[in-house]
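Secondary and tertiary structure notes
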Amino acid sequence: MNTVLDDNKKLCLNSGKIIHLSERMTMMFEVEDLEVASPATVSRCGMVYMEPSLIGLGPLFKTWMAQQPDYFMANKDFKKTLQRLYEDLVDDAMTFLRTNLTEPVETTDNNVCQSIFRIIDCFLFPFKRTEIKEPKKEDIAYMISTLDSIFVFAIIWSIGCTTTLEGREKFDKKMRELIKKTKITFPEENYVYDYNFYVKDNNWVHWLKTVGEYNVKASIDAYAEILVPTVDSIRMQEIMTQLAANDKHCLTPGPTGTGKSVNVAELLTSGLTDAFQSFGMVFSAQTSANQTQDAIDDKLEKRKKGWYGPPPGKRFVVFVDDLNMPKKEVFGAQPPIELLRQWMDHAGWFDRKEKTFKHIVDIVFITAMGPPGGGRTFITNRLLRHFNIITYTDLQESSIRHIFTTILEAFLGRGKFTTQIKESVPKVIEMTMELYNKVICELLPTPAKSHYTFNLRDISKIVQGLCSAYPKTTEQDLDLIRLWVHEAWRVFGDRLISKDDKDWLDAQLMGQIKSAFDYNRKQVYVVDRLIFGDYLDGIEVDTRNYKPVTNLDEFIKTIEGFLEDYNAMAIGSRRPMKLVMFLDACEHISRICRVLRQPQGNSLLLGVGGSGRQSLAKMATFMMNYECSQIEVVKGYTMDRFHDDLRNVLKRAGLEDKSLTFLFCDTQIISEQMLEDINNILNSGDVPGLYKKEDMEEIDRVGTQECIKRHLQPTKMNRFTQYLTRIKRNIHIVIAMSPLGEIFRDRLRKFPSLVNCCTIDWFTEWPEEALLGVARGDLEDKDLGLANEFDKVVEMFKNIHQSVEKISISYYQILRRKNYVTPTSYLELLGLYGDILTKKRKQVNDSKKRLENGLKVIQESSLEVKRLKELLDVKQPELEQKKGEVERTLEQLNVDRAKADETLKIVSEQEAEATKNEAETAILKAQADKELAEANPALEAAVKVLDELNPGDIRELKGYLTPTEMVVIICTAVCHMFKVRPVKVNDPKRAAYDPEGYFEACKTRIMADPNKTVNMLKEYDKENMEDSVVKRVRPIIDREDVNGESVKKKGTAALFAFYMWLKALLKYNDVLRRVRPLRAKAAEMDDELNRVRNDLKAKRQLLQDANERIQKLEAFYRQKVEEMQNLEAEINDCNLKLERASKLIGGLKDEKERWTNTVNSLSEIYACLIGDCLVAAGMVAYSGCFTADYRANLESSWVEGLGTLDIKHQESLTMRLVLGDDVKIRHWSVHGLPSDNLSIENGIILHTARRWPLMIDPQTQANKFVKSMGREHEGGIDIFKASDGNIMKQLETAIELGRWVLLENIDEKLDPSLDPILMMNRLDPGESKIARVGEKQLKYSSMFQFFMTTTLPNPHYPPEIIVKVTLLNFAITQSGLEEQMLNQLVQQEMPDLQEKKNRIVIQNAKSARELREIEEQMLNQLVQQEMPDLQEKKNRIVIQNAKSARELREIEDRILQNLEGDTTKILEDEKLINMLAESKKQSHEIQARVKESQKTEKEIDETRKKYRPVAYRASLLFFCINDLS
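First, a word on scope: everything that follows refers to the structure included in this document. Every value quoted in this text rests on a predicted model; they were computed, and no experiment measured them.

Here the focus is the sheet that holds strand β27 (residues 1366-1369). Across the sheet, which stays open at both edges, the five strands sit in the order β22-β23-β26-β21-β27 with parallel pairing between neighbours. The sheet is open, and its two edges are formed by β22 (1277-1281) and β27, each paired on a single side. For this sheet, the mean inter-axis angle between neighbouring strands, taken without regard to orientation, is 20°. As paired elements, strand β21 (residues 1253-1256) and strand β26 (residues 1345-1350) share three bridges and run parallel to each other. Considered in β26, the bridge of L1254 is made with M1348. Across the sheet, helix α47 (residues 1261-1272) is in contact with β21, β22, β23 (1300-1304) and β26; its angle to β23 comes to roughly 160°.

Quick look at the environment of K355 now. Among the secondary structure elements, K355 is positioned in the loop between β10 (348-350) and β11 (357-360). Within the local environment of K355, its side chain forms a polar contact with the backbone oxygen of R352, the two atoms lying 2.6 Å apart.

This next bit is on the side chain of D1257. With respect to the secondary-structure elements, D1257 resides in the loop between β21 and α47. The buried charged residue D1257 lacks any salt bridge, with K1264 as its nearest oppositely charged partner at 8.4 Å. In terms of polar contacts, D1257 uses its side chain to reach the backbone amide nitrogen of A1262, at 3.0 Å. The contact partners of D1257, leaving out residues within four places of it in the chain, are A1262, N1263, T1349, T1350, T1351 and F1370.

A few words now on the sheet that holds strand β7 (residues 301-304). Strand order in the open sheet formed by four strands is β7-β8-β11-β10, and the pairing between neighbours is mixed. At either margin of the open sheet sits one strand with a lone partner, and together these are β7 and β10. Ignoring strand direction, the axes of neighbouring strands in this sheet form an average angle of 35°. Of the strand pairs in this sheet, β10 and β11 are connected by three bridges, and their pairing is antiparallel.

All right, on to the pattern of salt bridges then. Taken as a whole and judged by the stated rule, the model has 67 salt bridges. In this structure, the salt-bridge partner of D501 is K449, at a minimum N-O distance of 2.9 Å. Here K449 lies in the loop between α17 (419-442) and α18 (456-466) and D501 lies in helix α20 (residues 499-517), a separation of 52 residues in the sequence. We classify D501 as buried; its relative accessible area is 11%. For E1304, the salt bridge is made with K1267, and the minimal N-O distance between the two is 2.9 Å. A residue pair is termed long-range when its members are at least 10 positions apart, and E1304 in strand β23 and K1267 in helix α47 qualify at 37 residues. Judged by relative accessible area, E1304 falls into the buried class, the value being 7%. We classify K1267 as partly exposed; its relative accessible area is 21%. Members of the salt-bridge network, linked through shared partners, are R490, D494, R529, D584, E587, R591, D761 and E769.

Turning next to the nonpolar core. Proteins that are soluble and globular tend to have nonpolar side chains buried together. Counting residues in hydrophobic clusters, the biggest one holds 138 residues, and the most contacted among them are Y833 and F1346. Here this core gets 14 residues from one element, more than from any other, and that element is helix α42 (residues 1151-1182). With residues near it in sequence (within four places) discarded, F1346 still touches W1252, P1253, L1291, V1301, L1303, L1314, I1317 and L1318. L97, V152, F186 and L267 belong to the second-largest nonpolar core, a separate cluster that totals 74 residues.

The subject of this paragraph is the packing of helix α25 (residues 639-654) against helix α28 (residues 716-730). Following both chains from N to C, one finds α25 and α28 inclined at 95°, their axes separated by 8 Å at the closest point. Put simply, α25 runs roughly perpendicular to α28. Two secondary-structure elements touch here, α25 through L650, K651, A653 and G654 and α28 through Y723, R726, I727 and N730. The residue makeup of the contact of α25 with α28, split by class, is four nonpolar, two polar and two charged.

The next point concerns the packing of aromatic side chains. For the coordinates displayed, the defined rule picks out 39 aromatic pairs. When the centroid spacing of 4.4 Å and the interplanar angle of 10° are considered together, the rings of F61 and Y86 count as stacked. Of this pair, F61 sits in helix α4 (residues 58-66) while Y86 sits in helix α6 (residues 76-100), and the two are 25 residues apart along the sequence. Of the two residues examined, F61 and Y86, each falls in the buried class.

Side-chain direction in a regular strand flips from residue to residue, so the side chains alternate between the two faces of the sheet. Buried residues dominate strand β9 (residues 315-321), accounting for six of its seven residues. In terms of strand pairing, strand β6 (residues 276-282) meets β9 through seven bridges, oriented parallel. In the sheet register, F279 faces β9, and the bridge partner there is V318. Where β9 and strand β12 (residues 363-369) come together, five bridges link them in parallel fashion. Across the sheet, the residue bridging to F316 is I363, located in β12.

Attention now moves to helix α34 (residues 951-958). It helps to recall that an α-helix has 3.6 residues per turn; residues three or four apart then point in one direction. For α34, the complete set of buried residues consists of D953, I954 and L957. Down the axis of α34, the smallest arc covering the buried residues is 100°, so these residues share one side.

Let us look at a nonpolar patch on the surface. The grouping of M1, M27, F29, V31, L34 and M47 at the surface amounts to a nonpolar patch, some 590 Å² of accessible area in total. Mapping M1 onto the fold places it in the segment before α1 (2-5). Classification of M1 by relative accessible area gives exposed; the value is 52%.

Now for helix α35 (residues 965-977). Between the first and last C-alpha of α35 there are 19 Å, a value that for 13 residues agrees with the 18 Å anticipated at 1.5 Å per step. Across the 13 residues that make up α35, a large majority, 12, are buried. Phi turns positive, to about 60°, at K979, one or two residues after α35.

The next thing to look at is the pairing of β12. Most of β12 is tucked away, with seven of its seven residues classed as buried. Of the two faces of β12, the one carrying I363, F365, T367 and M369 and the one carrying V364, I366 and A368 are both buried.

The rules we used
Residues numbered from 1 in each chain as written. Predicted model: local features only at pLDDT ≥ 70, side-chain atom pairs only at ≥ 80, totals over all residues. Heavy atoms only, no water. Pairing = 2+ DSSP bridges. Helix = DSSP H or I, 4+ residues; strand = E, 2+ residues; numbered from the N terminus. Axes fitted to C-alpha atoms, helices over the stretch in contact; angles between N-to-C directions. Contact = heavy atoms within 4.5 Å. Polar contact = N/O pair within 3.5 Å; in protein donor to acceptor, adjacent residues only side chain to side chain. Buried < 20%, exposed > 50% of the residue type's maximum accessible area, 1.4 Å probe, protein only. Lys, Arg positive; Asp, Glu negative; His and termini not counted. Salt bridge = Lys/Arg side-chain N within 4 Å of Asp/Glu carboxyl O. Core = buried A, V, L, I, M, F, W, Y, C linked by side-chain atoms within 4.5 Å. Parallel < 35°, antiparallel > 145°, perpendicular 65-115°, else oblique. Nonpolar A, V, L, I, M, F, W, Y, C, P; charged D, E, K, R; others polar. Phe/Tyr/Trp six-rings, centres within 6.5 Å; stacked < 30°, edge-to-face > 60°. Arc of directions from axis to C-beta. Patch = residues over 30% accessible without salt bridge, like charges linked within 9 Å, V, L, I, M, F, W, Y side chains within 5 Å. Areas by Shrake-Rupley, 256 points an atom, 1.4 Å probe, with all protein chains shown as cover. Expected span 1.5 Å × (residues − 1).

Now the structure itself:
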């Protein structure tokens, strides 16, 4: 810019291009001030200062007159009258405004003067010429006659309406003086503001008479829609309607709660004609110009190229609420406001995509804003000049009284309430107003109480609560008073943060009640606390009545019952909640329920993280039967995803008509734009640009239905407005915020709806009752066996928590270090106590049992020696006797064996002979069977033919009267086979065919019964056919004319069957003749074989009897031998056990006394664990963030508290004494952990706490320590910086693989996406579970460890972070730094010496660690009854490493573990006895080496002492400089 203003006129662009301006071109600047102008720029310009007062208002009047139509100006009275009125009224009124009145929004004379002319234009418009109307002279004359009244009205609502209520009272008097200069008669009553001028009647009418009687719809669901007309609301709506109808812009500033937004919304919904469409938007501190432009552009339609506006024939009324909220940029401009000014100056703006100018027409702006101050700023006069400014003043008390009396009477005036209740309404309203006036005067906002802002909405909320009264529990005025007290506490008292403020409010309430009703506190408070709720009859009832709680104990049980129901129904995203319901928590739930039951009920829960805000909000939502929706911030969560979540929530509330709670926490804020959107929803139910095009169809459908129900025109804007109304009715936003820090105050200033549209509930620190109740409930659930110490432990928990609260205040005051003590910290204390006490009891009990077992073994070993000796005296004679029995049995066994051998020889010979005969017989039988097999086919064929033969075939054959020759032949053969004699036939004719009579014989004898004939044939004894029969039959069958074919051809089937049977039998007989000698011989051999077998059987029986006798003798012999061997083994074992027992007794003789003392000591320690673990758990839970001195103070005060409560504990009790492990501590030292007490305590807390550590590490000690430890971890360690990308993916992998993760350079904020990991408590080794990170389900490895470090020396972490981590102060201490400096000095001056000391430390630590590993291996294998030879490995370690005194105790532990079990079994284990002896031997060797090591280390330390003064001065110098910083 400066180069352009130079003489050479060069414009230098960023691209490097230079543009020369021509000589004729010049630049002129018109600015309001030079506040942000560069001196270099100002020095290059000439200066002309314009003083508005020198010009005056005359030119504006003349310009306006010049714009009037000719037909107006043609009437001389028109110009003359206006000139007179201007001269008589304007200057005097303007002067009075500037000298006597205060303006909430400063105006300029020019703008106020122009406002007069705009209002007059509204009155003149009906008299102007239009396309369809020509003004008449008499009408113009009539209009001129009313100009005095019109001008007066215009001055009242331009000059007179920019001031406050007090200013209006003053201006009323001034205006009445000025009216006397006019020709009008003005009413004397009321104020000049209370009258409207009707041109048509030329009459002034009171505003209240311009509307009809208003009937309140007595429904609590429609409470937010109740608008009782008042003088203020009627006149403001009427004036805004006139201005909007004539395209005049209107600005309505005024205090919060005066009805600006409500009145404008009513106007836009039903106060304008169909020619208007409207929409609203709310500005906040985060509103940008782009958002504003997009919101308006979305509602416009294209008229033609480059021209946009509402639909043709329509005009847009755009309502902008909180106009002055946008924050100013670096040069003082407010971009959204500058965008609106651009439209008002140039009728459009540029399209950001097309880079073209958009002309926007037919738009009128109505705006509202609060007075400048807080988050609201002064806006530029360049924008104000376009508006008529009509200020909303604080409502007059009469108006307020009228509004709320009307509403309350409408609700309580119903027939169900008593007359006494109805008559109490005026008094209750009067009490409410008195209380409100005192509250706004006394409870003023301060930096610590920035939320102490009150407005008329608070009175409305009290009345809304009173309207919920249930007739059956509100029968007397005292019942109504109790409800009033309850509602007043909820509206005013729940946001108070100090006891003084609460006491003040309580006094005011009781004072009001005493004054109005003459009741005292005892009469009002029938229980300790007044609580009302609609859930007392259950949450599933149809009608939920708002009733008082009459029994607080039953009230708590009721809430506990709801909690059980909640947990029983916990599925999906709803997880079970383990809550302890004490009275304060239950009351908070009731408070939230009260808000949620109200339409447009939203809640702002203020409290530190961990105070239970979200959990109690979820419980309240469940009790209201609402759905609870909450976003989940993961890595990569963007504003687009947030808008998607918001859109889904709003659609469920608007489209599905579901009542739901949207729970939002300030820890989820990734951008302040989130609060901008929440602010918009609280105010209007909408977020500009949130919905997509595809959503609008459903929205229009729902909006149309609502418009029809409400008898509204279903215009586009009305449809969307009704949809938003539905959203506001159904959605309840619950915001959980921390009230700490400047950011909270900034947010309240930037987003006023957080206070104005929400009911505040302040979560204070838990009272004593809550601390005791929660501790008692937790301990009862865990059943830790505290017995008589139970109440003392509960009291000690409370004392620990409260002491940390007190010392945290001192910590901040002295060291300026913040520490927050939250209820979550208390719950962590309770959880840690249970864990630590359980583990320590097991540890001490196990150690004690091992020692007692060792003592038992020593005692039992002596008894075992005596028993073994007695056993030997008895067993030795038995052994000699057994030996004699064995010898005699062996002799008899030898005799019996010789006899058996002889019998066996004979049996073998006979068996061989029998086997030979059996083989020969088998051969003969096989040969016979083979030959017989030749006849089988013929027999089978014959049988088959017989099988196929049926009785009918036989009857057919039998029925022959004249048999053929073939029939006679076959029948003759059959008769021969059966030896049937022929039967002569007397009939000569028949005898000719059967001369011998065989056919007749066959027919009568063989075929007599056809059914039996076949069986006779089959059953024929073919084995014993007589030769005579064969001789007679064979010639017949062997004839040439008798064969199968001829028989089959000449005969029947039966005849053929007979033939086949005969043929087969003859053939079988031929074979049988050949086989019969073979069979005879085989039979003879069978007889001989049977004889041999019978003889063999007898011999075998003799042999068997002999063998059985021998077996019995052998068994008897083996038994005696075994008995003898067992006796020998038993005697040997007794001798061996005697030897081992002697070794055992001798080896453990020295330990008996020490072990006895240790057992007694462990018993005392066990008895002290209840008290010891209290201090240890308190230190782990609370002390991590403190420095060494504060830790010591806490520890000593708690030990003193144990003594006061008479809880048994150890002397010199410290956390290190209870939880410290010398081996681990030495191991940590090797890995770089400083040896000072603070660092060791940090190490103990680091490995004991259940939450992941966040370490304050300005000197990076913790960082190096964790890295060194992580390199040794078998899974390895991943190291990231907080600024690195893609951390979550790496973390997910580490969780599943069991790797360590170190997150460095943490700032004072943590990425919300880490929350799922921070909420994962550590798992014990071997545990596993499924963890949910974002949308992923991960298998959570117990090896996973997560560490965070910050190099900030004094970070301020909010409670929301502190409750999720274990905060550890790793800042270096003076003693720790001195030791490190000493090491560095010795390293520089005497490197060999330092190296030797380091080597000793490392070797000792390594030896101790490996010995512990061997101990674990031995223990595991002992359980499996196996004893591996670990001694060699142990000896090798002993030789390689110098052992410390700690190792002696570990060897002792191993001895004690090996001694576990039955003494007899121990004496049987030779390896174990040898190992015990070897361990004892090693113990003496280690003691000698320890002395040598101590001597060497002492010599080294003596040498190192020479450098300690230097190290001391170095550490002192560091801390001096550190303190100065």
